[in-house]
Amino acid sequence: MESITEKPMMDDTAGRGIGRSKSDQLAPSSQSLSRTASAETVRSTPDATSLSRKSSFGKRSASGGAGAGGNSHGHSHIRKSRSAQLKLDLEDLVSSGAALSRASSASLGFSFTFTGFTPPPQAMSSAELHPFSDDENTMDIEAGTRRKKLMTEPTLPIYLKFTEVKYRVTVKGSPREILSGISGSASPGEVLALMGPSGSGKTTLLTILGGRVAGAGAGALEGCVSYNDEPFSKSLKRRIGFVTQDDVLFTHLTVRETLTYAALLRLPRTMTRQQKEERAMDIIYELGLERCQDTMIGGSFVRGVSGGERKRVCIGNEIIINPSLLFLDEPTSGLDSTTALRIVHLLHDIAEDGKTIITTIHQPSSRLFHKFDKLILLGKGSLLYFGKASEAMTHFQSIGCTPLIAMNPAEFLLDLANGNTNDVSVPSELDDKVHMENQNLQNNNSKNDYKPSAQDVHEYLVDAYENRAAYKEKKKLLAPLPISDDMKATITSSKREWGTSWWQQYSILFCRGIKERRHDYLSWMRITQVIATSVILGLLWWHSDPSTPKGLQDQAGLLFFIAVFWGFFPVFTAIFTFPQERAMLNKERAVDMYKLSAYFLARTTSDLPLDLFLPVIFMVIVYFMAGLKATATHFFFSMLTVFLSIIAAQGLGLAIGATVLDIKKATTLASVTVMTFMLAGGFFVKRVPPFISWLRYLSFNYHTYRLLLKVQYNPVPDILINGIPLDNGVTEVLALVAMIIGYRVLAYISLRRAKTSAS
Ligand SMILES: Nc1ncnc2c1ncn2[C@@H]1O[C@H](COP(=O)(O)OP(=O)(O)OP(=O)(O)O)[C@@H](O)[C@H]1O
């Protein structure tokens, strides 16, 4: 955030209570065309009206739903009884005829108005009561106890303010403004939604607010983003959760393993391992994931948890650290409306514990739209609206834009942001402008035949917001925060804090690596491939006899093949390592989960046990079927040579992968390199021109082949080693060890240089 230059501004939203009343969520409906009787009935019933969002989760406070937010901690002990009470209330309601009619109206739809869409307060499905449980009773008991633990932890409240945020990138040499002067704020306990058409700059703004724009490819940032009136600092990383649009998770870990590893790596050293594991379980219960806790996450080729469950795991990964600020990029994309609603309810639950939540949202349903406290509407990178979500329709109505048919408010706002005025009343100013412009086109069409262009609508909306509403919001940003200077200072330290020591990081990452990849290595396909190859080799070289020149050449061919086979295989497995884990590495390094050195060492060593398992099977079969020297020493040294070759080849694969970080390019580079090494290996070409003969010293195939010859034959016949003397093999061993270390150092340096988006 180096480019942030201006001084932070203040906010008066801070003084507001964290709790939200239902009326905050109701869209104003001064021009209500139709309003269902059921909605009226419920609105006039104080008890029903007081069924706030909090109560819908069995978390209603003793004062009837008003005391939310950070203050809810003290009430956690009554949540379960409230929840039970709520269920009784509902049963009472449902048993009455009036309630039945309300229930059916709720299930059939909502009351539509010109100014927006009013959700009936009684529309409280069982999904809302227990957002992620099929079994309400179990969930209630289980989650009740778990939630109590999780939510009693204090969170440092963080007030986020941003003024005149501008972001510019250079595309093909010309500058392009992605964001042009966005201002807004979000307070603890609030959910701020960033809405706008595709490409309007939501993700860019979210990334900037989350302190993640620095690094390679970043554009120029101007404006001010402050966290409790302080600029972004590295220590803030541990207080920020960021759920990216793509679910970046390990496919082969189960839900429980995923969250447990996140807890072990991210939670502070002051907590014991057991406490961290318990926290992971708390999160599982909190998110209603207990039924799938032992299911693999899954991916394109592995069946795993559902999309909604996966998204909840991503959210769990972030809320496990009890963040003060939670950013989410399209958490509901690709989910059905009920699951999306549940996710948003979950966000409210989290916000009510004093956290500040900012989420982008693509095309929310009406119900979803009304769940947000604040809204930012973007259009082509400009601010079209910032304020309470419930007041958005009033604003657009006040500037002359009103839906002409019953419409989801989100759809209406997105249409406007896209410059689409179909089914929308066009303000007279805009209409006149369009008419004036078209008058010159001298045709006889009536005024109504002209539609303002998308650009005209956009400019009108930007000006209208700037002239009529922006000053109010900007004034609010100047108000002082209701927190002490000490609290503000808590987030200013720029020191990085690691949750665990280097060794702990290494061992956790090592175990995670083994768990994640055991399926790959121990898959039947791979085992069958290795066994089949070795049996075929064994049959082809069945009891080969090196006593004749032809037999000797044949056997040397087998040894060369072994050197090549265990050179190819590990290179092509290892090149995928870093390109494939790049997203995960970026994500985890962005929150300082571990040191790169711990990750690198764990990642490279966790592959070894599994990488060395298959060659043992291979060698046992080939060695004895082919009739190589059948003594323990000879077998042991041959095995050791193959191991050295594998680890060196793996190093080369890692270095290529880390340098290129692109699977296609890495594969191309690896195939050229490996082919060159194979040809320079000393078996195919005997008389190599001197100007290129140095190449063989870089080839691990060359050194492996010579070592295998040395183990089998003493002395090695000159015809096989092409006149290059082979003494005790120390040179070859040293060359392989140098490659093992050298390639890895190269890989590590490349990885360090490939800056993650967060560093
Ligand atoms: N580094 C960059 N270089 C070039 N263009 C960029 C860069 N970053 C963002 N953009 C452009 O800025 C615009 C806004 O992108 P952004 O991802 O923020 O949009 P969005 O509103 O989140 O869209 P969506 O809803 O489709 O995800 C897009 O047109 C995008 O191509």
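How each quantity is defined
Residues numbered from 1 in each chain as written. Predicted model: local features only at pLDDT ≥ 70, side-chain atom pairs only at ≥ 80, totals over all residues. Heavy atoms only, no water. Pairing = 2+ DSSP bridges. Helix = DSSP H or I, 4+ residues; strand = E, 2+ residues; numbered from the N terminus. Axes fitted to C-alpha atoms, helices over the stretch in contact; angles between N-to-C directions. Contact = heavy atoms within 4.5 Å. Parallel < 35°, antiparallel > 145°, perpendicular 65-115°, else oblique. Left-handed = near helix turned anticlockwise from the far one by under 90°. Nonpolar A, V, L, I, M, F, W, Y, C, P; charged D, E, K, R; others polar. Near = heavy atom within 4 Å. Polar contact = N/O pair within 3.5 Å; in protein donor to acceptor, adjacent residues only side chain to side chain. Areas by Shrake-Rupley, 256 points an atom, 1.4 Å probe, with all protein chains shown as cover. Expected span 1.5 Å × (residues − 1). Core = buried A, V, L, I, M, F, W, Y, C linked by side-chain atoms within 4.5 Å. Buried < 20%, exposed > 50% of the residue type's maximum accessible area, 1.4 Å probe, protein only. pLDDT = per-residue confidence, 0-100.

Visitor: Would you mind showing me how to read the pairing of strand 4 (residues 174-186) here?
Guide: Side-chain direction in a regular strand flips from residue to residue, so the side chains alternate between the two faces of the sheet. Judged from the 10 bridges that link them, strand 3 (residues 160-171) and strand 4 form a sheet pairing that is antiparallel. Across the sheet, the residue bridging to Thr 170 is Pro 175, located in strand 4. Here strand 3 hands over to strand 4 after two residues, with Lys 172 in that stretch at a positive phi of 50°.

Visitor: Sorry if this is basic, but what is going on with the sheet that holds strand 5 (residues 191-195) here?
Guide: Sheet strands line up and pair through hydrogen bonds in the backbone, either parallel or antiparallel. Strand order across the open sheet formed by six strands is 7-8-9-5-10-11, with mixed pairing between neighbours. Because the sheet does not close on itself, it has two edges, and the strands there are strand 7 (240-243) and strand 11 (382-388). Ignoring which end each strand starts from, the neighbouring axes of this sheet average 15° apart. Here four bridges tie strand 7 to strand 8 (residues 325-328), and the two strands are oriented parallel to one another. When the bridges of strand 8 are listed, Gly 241 appears paired with Leu 326. Most of the contacts of helix 9 (residues 202-209) go to strand 9 (residues 356-361), to which it runs at about 160°, and overall it touches strand 5, strand 7, strand 8, strand 9 and strand 10 (374-379). Set on the sheet, helix 16 (residues 409-417) makes contact with strand 5, strand 10 and strand 11; between it and strand 10 the angle comes to about 30°.

Visitor: Quick question: what am I supposed to make of the packing of helix 23 (residues 549-574) against helix 27 (residues 663-679) here?
Guide: Two numbers describe how helix 23 lies on helix 27: the axes approach to 11 Å, and their chain directions differ by 165°. On the basis of their axis angle, the class for helix 23 and helix 27 is roughly antiparallel. As for how helix 23 packs across helix 27, the hand of that crossing is right-handed. Residues Phe 560, Val 564, Phe 568, Val 571 and Phe 572 of helix 23 lie in contact with helix 27, whose contacting residues are Thr 667, Ala 670, Ser 671, Val 674 and Met 678. Tallied by class, the residues present in the contact of helix 23 with helix 27 amount to eight nonpolar, two polar and no charged.

Visitor: Is there a simple way to think about the site of the ligand in this case?
Guide: Close to the ligand lie 15 residues; Ser 198, Gly 199, Lys 202, Thr 203 and Thr 204 are nearest. Within the side chain of Arg 176, an N or O atom sits 3.0 Å from an oxygen atom of the ligand. Backbone polar atom of Ser 200 to an oxygen atom of the ligand: 3.1 Å apart, as the coordinates give it. Here the ligand, which alone exposes 630 Å², has 66% of that area covered by the protein. Looking at the shell around the ligand element by element, the count peaks at three residues for helix 9. Here the shell around the ligand is built from residues that sort into four nonpolar, eight polar and three charged.

Visitor: Could you clarify how one ought to interpret helix 26 (residues 632-660) in this entry?
Guide: Each turn of an α-helix holds 3.6 residues, which means side chains three or four residues apart point in the same direction. Over its 29 residues, helix 26 extends 42 Å from the first C-alpha to the last, a length consistent with the 42 Å expected when each residue adds 1.5 Å. Backbone geometry just downstream of helix 26 places Leu 661 in the positive-phi region, at approximately 55°.

Visitor: Before we go on, may I ask you to explain the nonpolar core in this structure?
Guide: Note that soluble globular proteins tend to have their nonpolar side chains buried in a common cluster. Ranked by internal contacts, the top residues of the largest apolar core, which has 99 residues, are Ile 358, Phe 396 and Leu 413. Among all residues touching Ile 358, those that are not within four sequence positions of it are Leu 160, Ala 186, Leu 192, Leu 194, Leu 206, Leu 209, Leu 325, Leu 326, Phe 327 and Leu 328. Core analysis: the second largest hydrophobic core is formed by 46 residues, Leu 253, Leu 265, Ile 647 and Met 739 among them.

Visitor: Would you take a moment to explain the sheet that holds strand 3 for this structure?
Guide: If you trace the three strands from one edge of the open sheet to the other, you get 4-3-6, paired in antiparallel fashion. The strands lining the two open edges of the sheet, one partner per strand, are strand 4 and strand 6 (220-227). Across the sheet, the mean angle from the axis of one strand to that of its neighbour is 15°, orientation sign disregarded. Where helix 9 meets the sheet, it contacts strand 3, strand 4 and strand 6, and its direction lies at approximately 120° from that of strand 3.

Visitor: Explanation requested: helix 11 (residues 273-286) in the structure shown.
Guide: Taking 1.5 Å of rise per residue, the 14 residues of helix 11 would be expected to cover 20 Å, and the 20 Å separating its terminal C-alpha atoms lies within 8% of that figure. Taken as a whole, helix 11 has its buried residues at Lys 276, Arg 279, Ala 280, Met 281, Asp 282, Ile 283, Ile 284, Tyr 285 and Glu 286.

Visitor: What's the story with the confidence of the model for the chain in this structure? I'm lost.
Guide: Low-confidence regions, as indicated by low pLDDT, have predicted coordinates that should not be scrutinised in detail. This prediction gives the chain a mean pLDDT of 76; 73% of its residues lie at or above 70. Counted against residues more than four places away or in other chains, residues 1-130, with its pLDDT under 50, gives 263 contacts. Taken together, the stretch residues 133-152 has pLDDT below 50 and engages in 49 contacts with residues farther than four places along the chain or on a different chain.

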